[in-house]
2 protein chains.
Amino acid sequence: MTVTIKDVAKKAGVSPSTVSRVLSGHPRISLETSRKVKGIMEEMGYTPNMMAKSLVSKTTNSICIILPKPAEELFSNLFFMELIRGIVTQSSRSGYDVLISSGANEREELEAVSRLLKGRRVDGVILLYSRKDDAVIDFLEAGGYPFVLIGRSDRYEDILSVDNDNIKAAFDATNHLIAMGHERIGFVSGPPNLIVSRDRLEGYRMAMESNGLEMRPEWIVEGEFLQDSGYRAMSFFMNLPNRPTALVAVDDMVSFGVLRGLNELKYKVPEDLAIVSFNNIPLSELSSPPISSIDIGIYHLGYTASQVLIQTIQKPDNHDGYTNRFVIPHRLIVRESSMYAPGKK
Amino acid sequence: MTVTIKDVAKKAGVSPSTVSRVLSGHPRISLETSRKVKGIMEEMGYTPNMMAKSLVSKTTNSICIILPKPAEELFSNLFFMELIRGIVTQSSRSGYDVLISSGANEREELEAVSRLLKGRRVDGVILLYSRKDDAVIDFLEAGGYPFVLIGRSDRYEDILSVDNDNIKAAFDATNHLIAMGHERIGFVSGPPNLIVSRDRLEGYRMAMESNGLEMRPEWIVEGEFLQDSGYRAMSFFMNLPNRPTALVAVDDMVSFGVLRGLNELKYKVPEDLAIVSFNNIPLSELSSPPISSIDIGIYHLGYTASQVLIQTIQKPDNHDGYTNRFVIPHRLIVRESSMYAPGKK
DNA sequence: CCTCCTAATGGAACCGTTTGCTTTACAAAG
DNA sequence: CTTTGTAAAGCAAACGGTTCCATTAGGAGG
């Protein structure tokens, strides 16, 4: 049925080991034999059986991405698609296949990771989130499995991770609004157990403080990375007696919610409220008005994560113990949503 | 190091075959033995090696998705992510892993598919596009590999595919505009080599004809699934002496281009031009005004494709030869962009 | 009490590769 | 002419499971 290494060997009049060696470019194979065998492989349409290969080599040439459960909802968030694109592109260049998996909850995720890694189906894992405490990370560390985190982990300092400098990014975003003349600036944060939320909030704080601006507790609201949170935050802010003239939102999707709400209430952006948010998903420039956003290089995050992971898989000993956090540069893209200098109060 | 079936067997004082049978729920294993072995597996942290299993069973319990190169574009991103979400969710429910692969061109795609399928790394494939002639499809058919097409293929009538009834969808969209009182309706199509473009155009034609409405050739323009096409189509239409009062666009992205253009020229939507388009991507409801769109159930397309594929893998003979085209229902979402009844001429 | 059936388990071959250890053949060296 | 070295290729044992074909031990039936 299928043509195996033995069939090729028989037809070529050599032993299976020789064929195998031809395949892997073993040095001690005569050019003549090599050519003949290759010809026959071509002729018979031979393709090596990856399963058999993996079984003996204990290596699968594939990695896996774990999508967190919230990704189900956030999935529409283009963020993940960009990441996946970066990962798949780089992995494919390195000759690795990418498996994508998700679980309904942490237990299911752990189960999946365990099954894939212990079952020798993948060589390593990319985690697309960073929660505070994570059983999956514990498992990976304990088992000594290669893995890379996209995002930062404060609990585990020695973990390989690819991330942005979110503190600096939020600092830049806030400073931009301040430079435009805003003094009352609100902040819409994400879930407090995500480190990215905390980092961005921290950057906002630093910018406000270093400019001697007042920070009212009611100007900071918590939400999700979803439109809805923006919508709610907006209506909360706009009803405040001393409402902000600008806001920083933790994610572009939140901005969309804000925008929709303001639109319904006939407010103008950026005149009534200026907005800057994060991630610069492709939609940011399509909304009306286009949203100023911090481009965090999502594709690049994925690309780098794959690179780092595969390197680790191939040379686990090459790790110098110092450079385990890779920081992808961000940059502020100014668009209409923040192009307005308010009259000083 | 790793715990194998033999280790478990030894510790349990049984043979490897017995352990294997416990694992697969073989009927002729005593309850007592089963319990004991399961206990030991748990205790030793045993996880079956998928590679070894696959090697003998000739089955991998995984499928693969081929991302076409154009997936790099924005429209595709939203679309594909939804699709992937549907596929991954359903596959995971059926106990299948999903591998995601892409190629820079058709040759690379073919190479990947061939390597994965012949190399026994996956059991089947989902193709996320439908070009007119396709070497990958030829390969899959010739090899008798299980695969499902998302989209329709006119050349291969007997291929398993999951699709919408795009003709009917376009018919509905156009009829909606007609019902609102429009008589001069334009159509912005997509690339003519995509079947979806042709089907939607056909539906538009049918609706116009069945209502006895005039169809001017200059009211039909060809473009891509991109904003730009909408922008250009808009300026073409608006300069016509007898311009349309409404238009049907083949994709939401096209509508955005139209919207932007109309906005620049200070035209009002839907008063000066009403719009309906296809796909109902999340942004459709965020634009101003929100766009009426045909929801084609993208997630559902993916979900069903996975279902059909896995069913085919598991029971290849179960195919009745008739139902090889699965049609996902669409529905029109009416929003502001078409909520206006023009004065009759 | 012997035979036969059946439930429960063991033995061993096999899935398609890789790889350490030999073997072979020949040329150079002694 | 024997020894030694080396390049090229073959043998066979893994890798971790599955499964067909025994084998064993009771219990039922005669």
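The structure contained in this document is the topic of the report that follows. (Residues numbered from 1 in each chain as written. Chains lettered and ligands numbered in written order. Predicted model: local features only at pLDDT ≥ 70, side-chain atom pairs only at ≥ 80, totals over all residues. Heavy atoms only, no water.)

### Overview of the relation of the copies chain A and chain B
Note the threshold: We place the copies in one frame by least squares, fitting the C-alpha atoms of every residue whose pLDDT is at least 70 in both. By definition, residues are in contact when any of their heavy atoms lie within 4.5 Å.
Of the transformation placing chain A onto chain B, the axial shift is 0.8 Å and the rotation is 180 degrees, giving an RMSD of 0.8 Å. These values place the two chain copies in the arrangement generated by a two-fold rotation axis. Take the interface residues of chain A: 87% of them recur as interface residues in chain B, which is what a same-surface contact looks like.

### A closer look at the pattern of salt bridges
All names here are of chain B. Threshold: By salt bridge we mean one thing: a side-chain nitrogen of Lys or Arg within 4 Å of a carboxyl oxygen of Asp or Glu. The buried label applies to any residue whose accessible area, calculated with a 1.4 Å probe on protein chains only, is under 20% of its type's maximum; exposed applies above 50%, and partly exposed to all values in between.
Overall, the coordinates contain 22 salt bridges over all chains when judged by the stated rule. Here Arg 216 ties to Glu 214 by a salt bridge, and the two come within 3.1 Å at their closest N and O atoms. Owing to a relative accessible area of 25%, Arg 216 belongs among the partly exposed residues under this scheme. For Glu 214, a relative accessible area of 46% puts it in the partly exposed group.

### Some details on the protein's contact with DNA strand D
Filter applied, for reference: Think of it this way: one heavy atom of a residue within 4 Å of a molecule or strand is enough to make that residue near it. As used in this structure description, the phrase polar contact means that two N or O atoms lie within 3.5 Å; if the pair is within protein, one of them must be able to donate a hydrogen and the other to accept it, and residues adjacent in sequence are counted only when both atoms belong to side chains. Helix numbers and strand numbers start at the N terminus; a helix is a DSSP run of H or I with at least 4 residues, a strand a run of E with at least 2. For this classification, the nonpolar set comprises Ala, Val, Leu, Ile, Met, Phe, Trp, Tyr, Cys and Pro, the charged set comprises Asp, Glu, Lys and Arg, and every other residue, Gly included, is treated as polar.
Around DNA strand D lies a shell of 26 residues, among which Thr18(A), Arg21(A), Thr33(A), Ile5(B) and Ser20(B) are the nearest. The sugar and phosphate moieties of DNA strand D supply 64% of its atoms located within 4 Å of the protein. In the model, a phosphate oxygen of DNA strand D is placed 2.7 Å from a nitrogen or oxygen of the Ser15(A) main chain. In the environment of DNA strand D, a phosphate oxygen lies 2.5 Å from a nitrogen or oxygen atom belonging to the backbone of Ile5(B). Only α2 (16–24) and α4 (50–57) of chain A together with α2 (16–24) and α4 (50–57) of chain B provide two or more residues apiece to the surface near DNA strand D. Here the element with the most residues in the surface near DNA strand D is α4(B); it accounts for 4 residues. Here the residues of the surface near DNA strand D are counted per class, giving 10 nonpolar, 11 polar and 5 charged.

### Topic: the interface of chain A and chain B
Note the following rule: Buried area: the accessible area, evaluated with a 1.4 Å probe, that two parts lose upon being put together, summed over both parts. When DSSP finds at least two bridges between two strands, those strands are taken to pair.
Taken together, the contact between chain A and chain B spans 45 residues of the former and 45 residues of the latter. Contact between chain A and chain B buries roughly 4,400 Å² in total, counting both sides, with carbon and sulfur atoms accounting for 59%. Of all residues in chain A, Met51(A), Met81(A) and Arg121(A) bury the most surface against chain B, accounting for 17% of the area lost on that side. Our count for the contact surface shared by chain A and chain B stands at 4 salt bridges. The closest approach of N and O atoms between Arg115(A) and Asp97(B), which form a salt bridge, is 3.1 Å. Taken together, the links from chain A to chain B amount to 16 residue pairs in polar contact (both at pLDDT 80 or more). Breaking the side of chain A that touches chain B down by element, the ones donating at least two residues are α4, α5 (71–74), α6 (78–93), β2 (97–102), α7 (106–118) and α12 (252–264) of chain A. Here the side of chain A that touches chain B is built from residues that sort into 20 nonpolar, 16 polar and 9 charged. As paired strands, β2(A) and strand β2 (residues 97–102) of chain B are joined by 3 bridges and run antiparallel to one another. What sits directly across from Val98(A), in β2(B), is Ile100(B).

### Examining the protein's contact with DNA strand C
Taken together, 26 residues surround DNA strand C, and among them Ile5(A), Ser20(A), Ser15(B), Thr18(B) and Thr33(B) come closest. Taking all atoms of DNA strand C within 4 Å of the protein, the share assigned to sugar and phosphate is 63%. Interatomic distance of 3.3 Å between a side-chain N/O atom of Ser17(B) and a base nitrogen of DNA strand C. Of all the secondary structure elements, the ones that give two or more residues to the surface near DNA strand C are α1 (5–12), α2 and α4 of chain A together with α2 and α4 of chain B.

By themselves, these are just geometric observations and shouldn't be taken as functional.
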